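An overview of the molecular structure
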Amino acid sequence: MTDLLVLCTGNAARSVMAGFMLETLDVGRGGTDLQIVTAGTHTVDGQPMGLRTRTALKSLPELADVELRGHRSRQVGMADLARAELVVVMEADHVRFVRRHYPEAAGRTATIHRLCEDLPPAPPSLGERVAALALADAILSDTEDVLDPAGGEAAEYEACVNELWVLCQRLITLL
């Protein structure tokens, strides 16, 4: 079982989108080997998934029939990071947050863009491949960010979903 933590700011849009996508893709490939948890760096705990997030997810034919209820936003904690074999974040500022507050997890934390570009396929184990990336010391670039659609219109949420769908399809093949 691989524990994967997907992290964004409010745990209301990007991490939720990517979490549902990765779960769906894992099930679609017959997998049950991923344990995916989502959280945020600065949340209002207990908030349900917003209508724009849900609508954008449902706009993908592959997710149209996926049950999207039950999500509640929550703040990331030490237990989440200690358990995660890999922490997938949406922007460089999330990596900076982990480096500042949870330095012991910095070597397992990267943006989804960086992972899609730099994580080699198996074998060896995911832990070994992640360690080889030396993520704790990796130079960060805001060009790796998946832009936050929060507060935006439906089109911004759909653009975010479309970007994350491509990235999640790539990432799932590397896990």
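Here the structure is a predicted model, which is why all the values come from computation and not from measurement. (Residues numbered from 1 in each chain as written. Predicted model: local features only at pLDDT ≥ 70, side-chain atom pairs only at ≥ 80, totals over all residues. Heavy atoms only, no water.)

Once that is clear, we can look at the environment of V88. With respect to the secondary-structure elements, V88 resides in strand β3 (residues 86-89). Take V88: its relative accessible area is 1%, and that puts it in the buried class. Residues contacting V88, with those up to four places away along its chain left out, are L4, L5, V6, L7, A110, I112, L115 and L171. (Helix = DSSP H or I, 4+ residues; strand = E, 2+ residues; numbered from the N terminus. Buried < 20%, exposed > 50% of the residue type's maximum accessible area, 1.4 Å probe, protein only. Contact = heavy atoms within 4.5 Å.)

It is worth spelling out the packing of aromatic side chains at this point. Within the structure shown, the criterion is met by one aromatic pair. On the numbers, 6.2 Å between centres and 55° between planes, the contact of F97 with Y102 is tilted. Taken individually, F97 and Y102 each receive the classification buried, so the pair is uniform in this respect. (Phe/Tyr/Trp six-rings, centres within 6.5 Å; stacked < 30°, edge-to-face > 60°.)

The next thing to look at is the environment of V146. Secondary-structure assignment places V146 in the loop between α6 (126-132) and α7 (154-174). For the pair V146 and A56, spaced 90 residues apart in the sequence, the C-alpha separation amounts to 15 Å. V146 has contacts with R14, M90, E91, I112, H113, C160, E163, L164 and L167, leaving out every residue within four places of it along the chain.

Looking now at the pairing of β3. Of the two faces of β3, the one holding L86 and V88 and the one holding V87 and V89 are both buried throughout. As defined by bridge partners, strand β1 (residues 2-8) adjoins β3 across four bridges and the pair is classed as parallel. Paired with L5 across the two strands is V87, which belongs to β3. As defined by bridge partners, β3 adjoins strand β4 (residues 109-111) across three bridges and the pair is classed as parallel. Bridge pairing in β4 places V89 opposite T111. Chirality of the crossover, the property in question, places the unit of β3, helix α4 (residues 92-101) and β4 among those that are right-handed. (Pairing = 2+ DSSP bridges. Right-handed = clockwise from strand over helix to strand, strands pointing away.)

Note that the residue after A122, namely P123, is joined by a cis bond; omega there is -10°. Here P123 is to be found in the loop between α5 (112-118) and α6. The linkage connecting P123 with the following residue, P124, adopts the cis geometry, with an omega of 5°. Here P124 lies in the loop between α5 and α6. At N11, a position not held by glycine, the phi torsion is positive, near 55°. As for its placement among the helices and strands, N11 is situated in the loop between β1 and α1 (14-28).

The next point concerns the pattern of salt bridges. Following the criterion strictly, the structure yields 10 salt bridges and no others. For D93, the salt bridge is made with R96, and the minimal N-O distance between the two is 2.6 Å. Here R96 and D93 lie together in helix α4, a separation of three residues that amounts to about one turn. The network of salt bridges with shared partners includes R14, E91 and D148. (Salt bridge = Lys/Arg side-chain N within 4 Å of Asp/Glu carboxyl O.)

A few words now on α4. Along α4, the residues that are buried comprise A92, H94, V95, F97 and V98. Lining the buried residues of α4 we find β1, α1, α3 (78-83), β3 and β4.

The next point concerns the packing of α1 against α7. At a minimum axis distance of 9 Å, the contact between α1 and α7 shows a crossing angle of 40°. It follows from the interaxial angle that α1 and α7 lie oblique. With respect to the hand of their crossing, α1 and α7 are arranged in right-handed fashion. Only Y157, C160, V161, L164, W165, C168, Q169, L171 and I172 of α7 make contact with α1, whose side of the interface consists of R14, M17, A18, M21, L22, L25 and D26. The residue makeup of the contact of α1 with α7, split by class, is 13 nonpolar, one polar and two charged. (Axes fitted to C-alpha atoms, helices over the stretch in contact; angles between N-to-C directions. Parallel < 35°, antiparallel > 145°, perpendicular 65-115°, else oblique. Left-handed = near helix turned anticlockwise from the far one by under 90°. Nonpolar A, V, L, I, M, F, W, Y, C, P; charged D, E, K, R; others polar.)

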